[in-house]
Amino acid sequence: MPDSDKLPDWNVQSKAISHCGAGCTLGDIAAEWLVLATSLTLAGKALYADFALDFAFAWVLGVVFQYFTIVPMRGIGRLRGIWAAVKADTLSIVAFQIGLFFGMWLYQEIIFSPGLPKTTAAYWMMMQLSMVLGFFTAWPVNAWLVRAGWKERM
């Protein structure tokens, strides 16, 4: 493994964002299908249910992923590991989801109003583009989290 202290900042930061993005992506995929399968809505809109469940699932998975990174790298116990994971990933996930949700809102409410069906390739392509937007909205937060030592240099 390359020495993370010798890697350029953009490399370290993009890995930190991708680590967060992995939890976000898996959580979002599971939540999207759950909303579809249950016809769940909030305030009469499936999109708002998507936002709520996407965030909840992404946060849980992101914290779990972060826990299994931080604990072995820092050699800390369970409770300190859970707190460190929550601290490391909460702001990152919020920033990622802001970009993702803006993209989702844009293509579901503005560009393709009244929205694309979740069973189409176009929907999932637009989700991927929204996740790329989330990657970039999470960049400044992750850069700060790495500099502050809340996230590990990878």
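See the structure above.
A brief report on the enclosed structure follows. Keep in mind that this is a model prediction, so the values were computed, not measured. (Residues numbered from 1 in each chain as written. Predicted model: local features only at pLDDT ≥ 70, side-chain atom pairs only at ≥ 80, totals over all residues. Heavy atoms only, no water.)

1. Focus on the overall build of the protein chain
Piece 1. Across its full length, the protein chain carries four helices and zero strands.
Piece 2. Written out in order from the N terminus, the α and β elements of the protein chain read α-α-α-α.
Piece 3. Relative to the compact-globule value of 15 Å for 154 residues, the protein chain shows a C-alpha radius of gyration of 16 Å, a close match.
Piece 4. Overall, the C-alpha framework of the protein chain stretches about 50 × 30 × 25 Å when taken along its three principal axes.
Piece 5. For the protein chain, the proportion of contacts with a sequence separation of at least 24, taken over those separated by at least 6, is 71%.
Piece 6. About 8100 Å² of surface is accessible on the protein chain, with carbon and sulfur atoms providing 72% of the total.
Piece 7. Taking the average place of the 11 positive charges on the side chains of the protein chain and the average place of its 10 negative ones, the gap between the two points comes to 8 Å. (Helix = DSSP H or I, 4+ residues; strand = E, 2+ residues; numbered from the N terminus. Rg over C-alpha atoms; globule rule 2.2 N^0.38 Å. Contact = heavy atoms within 4.5 Å. Areas by Shrake-Rupley, 256 points an atom, 1.4 Å probe, with all protein chains shown as cover. Lys, Arg positive; Asp, Glu negative; His and termini not counted. Charge placed at Lys NZ, Arg CZ, Asp CG, Glu CD.)

2. Examining the nonpolar core
Piece 1. In terms of nonpolar packing, the biggest core is built from 21 residues, with Cys24, Phe96, Leu100, Met104, Tyr107, Tyr123 and Met127 touching the most fellow members.
Piece 2. Beyond its immediate sequence surroundings of up to four residues, tyrosine 107 is in contact with Phe112, Ser113, Leu116, Tyr123, Met126, Met127 and Ser130.
Piece 3. Membership of the second largest hydrophobic core comes to nine residues, among which are Val63, Tyr67, Ala85 and Ala88. (Core = buried A, V, L, I, M, F, W, Y, C linked by side-chain atoms within 4.5 Å. Buried < 20%, exposed > 50% of the residue type's maximum accessible area, 1.4 Å probe, protein only.)

3. Things to note about the pattern of salt bridges
Piece 1. Considering all chains together, one arrives at three salt bridges under this definition.
Piece 2. Among the ionic pairs, glutamate 32 bridges to lysine 118, the shortest N-O distance being 3.5 Å. Highlighted residues: glutamate 32 in helix α1 (residues 9–38) and lysine 118 in the loop between α3 (78–111) and α4 (121–148), separated in sequence by 86 residues.
Piece 3. Given the relative accessible area of 0%, glutamate 32 is considered buried.
Piece 4. Residue lysine 118 is classed as buried on the basis of its relative accessible area, which comes to 9%.
Piece 5. Through salt bridges with shared partners, a single network forms among Glu32, Asp50 and Lys118. (Salt bridge = Lys/Arg side-chain N within 4 Å of Asp/Glu carboxyl O.)

4. What about the packing of aromatic side chains?
Piece 1. Considering all chains together, one arrives at 10 aromatic pairs under this definition.
Piece 2. Grouped by ring-pair contacts, the aromatic residues Trp33, Tyr107, Tyr123 and Trp124 constitute a single cluster. (Phe/Tyr/Trp six-rings, centres within 6.5 Å; stacked < 30°, edge-to-face > 60°.)

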